[in-house]
Amino acid sequence: MLLKPLCRKPWLRLAHKHIFFTCAFAFPCYFLRMSKRASLSDQRPMGRVENYTNAFLASSGLLLFMSFFVLAAAFGWVVAIAVALVADRAILTVAALKARR
């Protein structure tokens, strides 16, 4: 047996094999065991988290470039530029609305 049994109930033995999450009997025992644990705030102190803003901006820029490239390849440059202008106007409008508040 590769996995450590989550529950010692004999009718749940099937749940400890490779079909753990497909077995209907595994869920009650798993959630019962998880409910007995301490909350996350009791387990370890909270600290600062990593700043992933630059990674998000870089991957978003790459995704936008790829989407505009696909638009240009499929429908032509006019459609890609039109979609980019509409997206730019929407971003500027949202920014202006947030600045008013």
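The rules behind each value
- Residues numbered from 1 in each chain as written.
- Predicted model: local features only at pLDDT ≥ 70, side-chain atom pairs only at ≥ 80, totals over all residues.
- Heavy atoms only, no water.
- Helix = DSSP H or I, 4+ residues; strand = E, 2+ residues; numbered from the N terminus.
- Contact = heavy atoms within 4.5 Å.
- Patch = residues over 30% accessible without salt bridge, like charges linked within 9 Å, V, L, I, M, F, W, Y side chains within 5 Å.
- Areas by Shrake-Rupley, 256 points an atom, 1.4 Å probe, with all protein chains shown as cover.
- Salt bridge = Lys/Arg side-chain N within 4 Å of Asp/Glu carboxyl O.
- pLDDT = per-residue confidence, 0-100.
- Axes fitted to C-alpha atoms, helices over the stretch in contact; angles between N-to-C directions.
- Nonpolar A, V, L, I, M, F, W, Y, C, P; charged D, E, K, R; others polar.
- Expected span 1.5 Å × (residues − 1).

Re the overall build of the protein
- A count of helical and extended segments in the protein gives four helices and zero strands.
- Considering only contacts in the protein between residues 6 or more positions apart, those separated by 24 or more positions represent 12%.

Some thoughts on a nonpolar patch on the surface
- Nonpolar side chains collect at one region of the surface, where Leu62, Leu63, Phe65, Met66 and Phe69 lie side by side and expose about 570 Å² of accessible area between them.
- Along the chain, the position of Phe69 falls in helix α3 (residues 53–75).

Some remarks on the confidence of the model for the protein
- Of the residues in the protein, 54% reach a pLDDT of 70 or more, and the chain-wide mean stands at 77.
- By mean pLDDT, helix α1 (residues 26–35) is the weakest element of the protein at 62, and α3 is the strongest at 94.

What about the packing of α3 against helix α4 (residues 77–100)?
- In contact at an axis separation of 6 Å, α3 and α4 are set at 145° when each is read in the N-to-C sense. Contacts from Phe68, Leu71, Ala72 and Phe75 in α3 reach Trp77, Val79, Ala80, Val83 and Ala84 in α4.
- Residues of the contact of α3 with α4, tallied by class, amount to nine nonpolar, no polar and no charged.

As for α3
- Over its 23 residues, α3 runs 32 Å from end to end, which matches the ideal 33 Å to within 8%, given 1.5 Å per residue.
- Once α3 ends, the next one or two residues include Gly76, with phi positive near 110°.

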